[in-house]
Amino acid sequence: MAEETRGRLGGTAEEARGRLGGTAEETRIVKRRIHEYPDDSWTIERALDDGAYEGARKAITTMQPDGVIDLVKASGLRGRGGAGFPTGVKWSFAPKDVFPKFIVVNHDEGEPGTFKDRELGENDPHQLIEGIIISAWAVQAARAFIYCRGEFALGSRRLDKAISDAYERGFLGEGIYGSDFDLEIVLHRGAGAYICGEESALLDSLEGFRGQPRLRPPFPAVKGLYGQPTIVNNTETLGNLPDIVLKGADWFRQWGTEKSPGTKVLSVSGHVNRPANYEVSMGTSLADVLELAGGMREGHTLKAIIPGGASAPLLTSTDIAMDFESLKDAGSMLGSGAVVFMDETTCMVRNALVTTAFFEHESCGKCTPCREGTWWGVKVLERIEEGDGRREDMDLLLDICDGIDGRAFCPLGDAAAWALRSNVKLFREEFEEHVSLGRCPFEDEERILVGANQGGGSGEAGVMPQPAAGVPSDADTQS
Amino acid sequence: MSSNGGVKVTINGQTVEAEPGRLLIDVAEEMGIFIPRFCYHPGMKSVAVCRMCLVAVEGMPKLVPACAIPVAADMEVNTVDEQAVDAQKGMLEFLLINHPLDCPICDRGGECPLQDQTYAHGPGSSRYVEPKRTFEKALEISDLVVLDRERCVLCWRCVRFSDEIAGDQFIQLVDRGPGTQILTFNDEPFDSYFSGNTIQICPVGALTSKPYRFVSRPWDLVSAPSVCAYCSVGCPLTNDVRGGQLVRTQALPNENVNDFWTCDKGRFGYHYVSSEDRLASPLIRNVRQEFEPVSWGQAVGAATEPLSRGRRVGVIAGGHLTTEDAYGVARLAKRTIGTPHVDSRLQDAGAPYELALEVSDAAGSTATINDLESARTIVWVGPDPKETLPVLYLRLRQAWGDHNTKVIVISARRISLDGFATHVVRCDPGGEALALQGLMDGSELPAASDVGDPMVVCWGPSSPGRDETGIFGAAIELVKVKGAKLLMCPPHAGSQGLIDMGVHPTLDAGYNPAPTPGLDTRGILQAAADGELDTLLLVGADPIADFPDSELATRALASGVFVVAVEILPTESLAYADVVLPSAAYAEREGTFTNLERRLQKLQPVLPAPGSAIEPWKICARLAAALGENWGLPDFDDVWRAINADVPSHAGLQADHLRNQPVTPAPYYESGFEGETPGGTRVAGPGGQYPHGHRGGSPFQTGQNWPLSWELRAFEAKQRPGLIPSVPARNGHGAPVVRATTPPASAARAPGRFALYSGRLIYDEGTMVSRTTALRAIQKKPFVEMHPEDVKELELSDGDSVVVESDGGAAELRIIVSDIAKGAVFVPYDQEGLRANRLIRGASPTVALRKP
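Parameters at a glance
- Residues numbered from 1 in each chain as written.
- Chains lettered and ligands numbered in written order.
- Predicted model: local features only at pLDDT ≥ 70, side-chain atom pairs only at ≥ 80, totals over all residues.
- Heavy atoms only, no water.
- Helix = DSSP H or I, 4+ residues; strand = E, 2+ residues; numbered from the N terminus.
- Buried < 20%, exposed > 50% of the residue type's maximum accessible area, 1.4 Å probe, protein only.
- Contact = heavy atoms within 4.5 Å.
- Areas by Shrake-Rupley, 256 points an atom, 1.4 Å probe, with all protein chains shown as cover.
- Pairing = 2+ DSSP bridges.
- Buried area = accessible area lost by both parts, 1.4 Å probe.
- Salt bridge = Lys/Arg side-chain N within 4 Å of Asp/Glu carboxyl O.
- Polar contact = N/O pair within 3.5 Å; in protein donor to acceptor, adjacent residues only side chain to side chain.
- Nonpolar A, V, L, I, M, F, W, Y, C, P; charged D, E, K, R; others polar.
- Core = buried A, V, L, I, M, F, W, Y, C linked by side-chain atoms within 4.5 Å.
- Domains from an automatic or database assignment.
- Disulfide = S-S within 2.5 Å.
- Axes fitted to C-alpha atoms, helices over the stretch in contact; angles between N-to-C directions.
- Left-handed = near helix turned anticlockwise from the far one by under 90°.
- Patch = residues over 30% accessible without salt bridge, like charges linked within 9 Å, V, L, I, M, F, W, Y side chains within 5 Å.
- Lys, Arg positive; Asp, Glu negative; His and termini not counted.
- Charge placed at Lys NZ, Arg CZ, Asp CG, Glu CD.

Caption draft 1: How the structure looks around the overall build of chain A. Regarding its fold elements, chain A presents 21 helices and 8 strands. Evaluated residue by residue, chain A yields a buried proportion of 61% over its 479 residues. Once local pairs closer than 6 in sequence are excluded, the contacts in chain A between residues at least 24 apart make up 71%. Total accessible area computed for chain A in this model is approximately 17,100 Å², and 49% of it derives from carbon and sulfur atoms.

So, in structure tokens, the structure goes:
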């Protein structure tokens, strides 16, 4: 089993690790334990041996809740799920005198190209639980929910085991660390809807309703799950907390930029030699990231980059720093940190079609522009790709994007528009070529990489690599 | 912020003061700036899903949905900003790519918000060339509602109505993304009492009315505002007529009464008006004892002598008469004929409405329906409102849902309110009064702990024929002790008006005690059966079907008394009539209904009455003239002048106030609805201008009718709130009355006997509602509700048959095991194959049960 899942990368875990330690530098906070103990990082024994739960202990036994909030504010930690909202500030929005409050972990990682939370959940669940304890203490929530993406079969089993181990050792339940603070964690598995990664749709889904975003205000921090104050945080965000508590804001700020401190786990995939999760200091240049990933595959040249998940507008150059501000200034976004490198064999019409079809499929159907706009976009792109495009279709596509962007109910629609628009704008000649030729100019197998199992000419690289090291079998979690 | 708490808001350059927190879309609308919308409906919470109402607000980075943005101080809004207009155009283009555009065969065409807003704000043509999304066409999701998912724009109004307002969640969103559709769950029928509201609020033709399907184009309709003639809530309606037939009724909004809603009985139960068996001519019996059409002169002549017998005449009026009819009946009986034996209580015989005078200057409610929403606690003792007063049920539900009002229900059986009641006191059979006392003395815990101020105590007669003196008396005591308000709920549209006008044996018009108390309905029927009366005048009354002892009613009518009947349709009682005088139905006449909060709302005629049928008050005037008194009341104004003079409680109400309440024309009609009724009455507001704006003020292109459908009718209807007469204070409310508290029936019951509860279900065999085929099809079959232990003792189980037997007769009924007090059974009043009034005897009826 273990052999099989590693197959695409070839070789053993040892060799895989070797590949990860390339020439460019990784900076590991949330991935440190996974990196150092690839064989058993997810077990409670290893985690405790490595100092897990000491951050939570420090927070609860020596700090006031507000003190923790202030510390996290001072650290400048920003949400790693995509929006980049300052975590401490979000916490402070929860009213102090309304109980119960809830912590909800957004572990519904669904952004195409992103696989960081999956690795963190599978291989270091205790770091996540410790982060939950710290955040729950900070906002005084006695119950936390982990909304786990339904497809994370292994991850959810590991989390389940980790939660019960944490209960057993007294890190969860009543009177944590001898204090009078209680915390329950409920693991909830989603049912496969991308929209449930949007925090308010996640809450509706958690409550048992259709997963659809809620009207805001009120924001979840004020009225969230079951109408109570609810803090929704991403898995990677919480993973930073133990070290911030133990080592302080200044320690954390030694990496990254003034406005985007710390590190970011980037899920690198596409036509690169070593697709994997790389944790780098915020502001690392995209060129370095490409180098970490082993560069483009032999004999091919870079054509386009998705810098922050399928929602992020495309880039065509690696000359950019990977942090929230720089990417925003470049007209794109850091998003969830999924970096997809595409080489010259990629058909951008097909790329736009696959991306837009994804958003159409995942649109919840609540608001008009997203529901109808993505439907329409797919129809037009299909026509162009099949050779039935018209001269006016490119402008029509841009108009459809304008009709969605900024007018949809939630960011899903906006994202669909950004992605499509950047494809059309940056590669308009390629779209026009489709129209004038009356067919797709690319070889059928090579026009885009779709999924890990796309057969044929994609060579060594794959879009969806398995977590690089120590991929466990299911048997590991049987106790 | 100004001194009165308003904030200054500027919309398209016009500045107004608005209450902070109100929605931008509403504030703009009141200024005459109509922001296009599909999902927003003023009766429901905003969801902001259609994105049609996006507007530009100064300082906001993106366009914002006007339906979800509360106004705030110094807000500057531009609804015709270039971006906003572009968004509106784009949104319509999106909505239309998958809309079938089958307007020529769509019932909505001509009064369709999608059509109208496309004309006003949409692009001229579509750039969409691909195949449209298709669904199976025209699903009949119930006997009343047809669903066409291709037309749907997924505004969710129907789903939200189902969830938020009706609370029955029959209609749902299924699937997601572009495949999202509206459906009933699991192909179950849309079995809601309120389903028709979803048709009315649907902004496209996705939900259409099965009875009205393909019947008319909107521009061929003549329409007039009216008031529902069924129950005492009094929902305002419009009646739509085509080719002389009443073909549709829809709810008109009145935020005091029904908000925006009405029930399916009120909406679909109109077929009786244009029914073929309407009485069109006076009838008298010929020598062969058969009815023969005669002239009014002949008929009135035949009735004159029998009606001149003074105290040997009994008068019974039915509950669907207007206030003016009631005035005519009371005046004819008490003054012209000179008999005190006049009553209007049939199904509600035994309901002591006059007790309300102990807490009020009127024999009626001191609370309004809106008071339910500002109350902290509502106590309900009475019938199941969802069956008998459906829209009051919605308002009670809203009070609970939107205002967290606590609801305490006292009932011997499970009723609809139990679903959300804070406390349910399941009393012994006949033990309602004791339970009410328990709320006062605190013995009925935990409900008593939630008795709080402000409180509204609602009472209505809970079971036909049952003596309610003890129950209503205890409710009155609760009102007194706790300083609560009273909502008195008589059953029918005309019930309260009949009390007000003195169609009552102990009260004269204006609630003055009658100098010589007369016989009540039971007494009148008994006297007739005993030969003590010579003549019975039935005005819209069918005692054999409605009085809770049909045997006594039949005996009375068959006793040889001379029966003069005023009716709209043949009834069982009519078989015993000697003279029949045809009456106009509610859609054919002017008048007012007085609802359960004593609010008068105006009916407008939209149809001619069949043949020579006329309003009952005019019939009364004719009879009076034949008896030698010329009232001189040819029209509505004259009746009201007479009422002003004769009824102190209604002295201040002018006919003009009732009829011509100042209606500011809604500013947006391009061609408002206009129509002439037979009486020459204009039936709706004049046309106005569509707001100048996006299209440079060019006039609206479509529709002879109300161009923007219900939202705009709502605007106008808001200015017709109806009037509640203020009653001159009485000197003292009478000495406290010592009432014998009726002992619980369980104590009085012989072994083996069960207390018999009954009550009307929404769709039954009533003369009016049973003329609507679609409602008859969904009428429930007769049943008997029993306590599980009682069923077990009879060695029977749920679904089995049991024989229900009383002195009056027996019926074999299917058992429904339910949450009802042990020792009590419930039988619906009037379902096909069962008239519960054949079983009911006396003021605390009991039955025996046995295996068939």
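The discussion continues.
Caption draft 2: Broad picture of the side chain of H423 of chain B. Residue and element names in this part refer to chain B. Along the chain, H423 turns up in strand β20 (residues 423-426). Taking relative accessible area as the criterion, H423 reaches 12% and is therefore assigned buried. When near neighbours in sequence (up to four residues on either side) are disregarded, H423 contacts V407, I408, V409, P446, A447 and D450.

Caption draft 3: Looking closely at the sheet that holds strand β10 (residues 207-209) of chain B. Residue and element names in this part refer to chain B. Read from one edge of the open sheet, 3 strands run β6-β7-β10, paired in antiparallel fashion. Looking at the sheet topology across the chains shown, the edges are occupied by β6 (139-140) and β10. In terms of strand pairing, β6 meets strand β7 (residues 145-147) through 2 bridges, oriented antiparallel. Paired with L139 across the two strands is L147, which belongs to β7.

Caption draft 4: Spotlight on the interface of chain A and chain B. With 34 residues of chain A at the interface, the matching set in chain B holds 36 residues. With both chains or domains summed, chain A and chain B bury close to 2,800 Å², and 56% of this area falls on carbon and sulfur atoms. When the buried area of chain A at its contact with chain B is split by residue, W375, W376 and R407 of chain A rank highest and sum to 26% of it. Along the contact surface separating chain A from chain B lie 6 salt bridges. Of the charged contacts, one joins E362 of chain A and R176 of chain B as a salt bridge, the two residues approaching to 2.9 Å between their closest N and O atoms. On inspection of chain A and its partner chain B, the count reaches 17 residue pairs in polar contact (both at pLDDT 80 or more). Counting residues per element, the side of chain A that touches chain B draws most heavily on helix α18 (residues 368-385) of chain A, which supplies 10 residues. Grouping the constituent residues of the side of chain A that touches chain B by class yields 13 nonpolar, 9 polar and 12 charged.

Caption draft 5: Structural detail: the nonpolar core. Grouped together as the largest cluster of nonpolar side chains are 182 residues, with contacts concentrated most on V233, Y272, L372, L392 and Y586 of chain B. Broken down by element, the residue count for this core peaks at 8 residues, all from helix α2 (residues 82-97) of chain B. Split by domain, the residues of this core number at least three in each of domain 1 (3-12 + 27-254) and domain 3 (348-437) of chain A. Apart from residues no more than four positions distant in its own chain, L372 of chain B is found in contact with I378, L392, L396, A399, T405, V456, C458 and L487 of chain B. Residues I163, L238, L241 and A249 of chain A belong to the second largest nonpolar core, which totals 52 residues.

Caption draft 6: Representation of the state of the cysteines in the model. For the structure on display, the rule yields 0 disulfides over all chains. Summary of cysteine pairing: C112 of chain B is not part of a disulfide, and the nearest cysteine sulfur, belonging to C106 of chain B, is at 6.2 Å.

Caption draft 7: Local environment of helix α19 (residues 636-646) of chain B. Residues and elements named next belong to chain B. With 8 of 11 residues buried, α19 lies mostly within the body of the structure. Taken together, the buried positions of α19 are F636, D637, D638, V639, W640, A642, I643 and N644. Among the structural elements, α8 (323-337), β26 (591-594), β27 (600-603), α18 (616-626) and α20 (655-659) are those in contact with the buried residues of α19. Two to three positions downstream of the cap, the backbone nitrogen of D637 sits 3.1 Å from a side-chain oxygen, assigning the N-cap of α19 to D635.

Caption draft 8: Expanded view of the packing of helix α7 (residues 296-307) of chain B against α18 of chain B. Residue and element names in this part refer to chain B. Direction vectors running N to C along α7 and α18 enclose 65°, while the axes themselves pass 9 Å from each other. Once α7 is placed against α18, the crossing between them reads as right-handed. Listed contacts from α18 to W296, V300, A303, T304 and L307 of α7 are I619, R622, L623 and A626. Considering only residue class, the contact of α7 with α18 consists of 7 nonpolar, 1 polar and 1 charged.

Caption draft 9: Layout of the sheet that holds strand β18 (residues 377-381) of chain B. All names here are of chain B. Pairing in this open sheet of 5 strands is parallel, and the strands run β20-β19-β18-β21-β22 from one edge to the other. A strand with exactly one partner marks an edge of an open sheet, and here the two such strands are β20 and β22 (485-488). Along the sheet, successive strands turn relative to each other by an average axial angle of 15°, direction set aside. Bridge count for strand β21 (residues 455-459) against β22 is 4 bridges, and the pairing is parallel. The residue bridging W459 from the neighbouring strand is M488, located in β22. Along the sheet, helix α11 (residues 390-403) makes contact with β18, β19 (406-411) and β22, crossing β18 at roughly 150°. Its contacts with the sheet place helix α13 (residues 469-482) against β18, β21 and β22, and it is angled at close to 170° to β21.

Caption draft 10: Representation of a negative patch on the surface in the model. Residues and elements named next belong to chain A. Among the surface-exposed residues, E174, D180, D182 and E184 lie close enough to one another that they form a single negatively charged patch. In this fold, E184 is placed in strand β3 (residues 184-189). Given a relative accessible area of 31%, E184 falls into the partly exposed group.

Caption draft 11: Structural context of the domain arrangement of chain A. All names here are of chain A. Splitting chain A by domain gives domain 1 (3-12 + 27-254), domain 2 (263-343) and domain 3 (348-437). For domain 2 versus domain 3, the distance between C-alpha centres works out to 23 Å. Each side of the interface is counted separately: domain 2 has 9 residues, and domain 3 has 12 residues. Between domain 2 and domain 3 lies a buried interface of about 870 Å² when both sides are counted; carbon and sulfur atoms form 74% of it. If you sort the residues of domain 2 by the area they bury against domain 3, K303, S311 and L314 come out on top, with a joint share of 51%. Seen at the junction of domain 2 and domain 3, the total is 1 salt bridge. Of the charged contacts, one joins E430 and K303 as a salt bridge, the two residues approaching to 2.7 Å between their closest N and O atoms. Put simply, domain 2 and domain 3 have 2 residue pairs in polar contact (both at pLDDT 80 or more) between them. For the side of domain 2 that touches domain 3, the class distribution of residues is 6 nonpolar, 2 polar and 1 charged.

Caption draft 12: Structural view of the pairing of strand β1 (residues 7-11) of chain B. All names here are of chain B. Extensive coverage of β1 is indicated by the burial of 4 of its 5 residues. In the sheet, β1 pairs with strand β2 (residues 14-18) via 5 bridges, with the strands oriented antiparallel. When the bridges of β2 are listed, I11 appears paired with Q14. Once β1 ends, the chain turns through 2 residues before running back antiparallel as β2, passing N12 with a positive phi of about 50°. In terms of strand pairing, β1 meets strand β5 (residues 75-78) through 3 bridges, oriented parallel. By the bridge assignment for β5, T10 is matched with E76.

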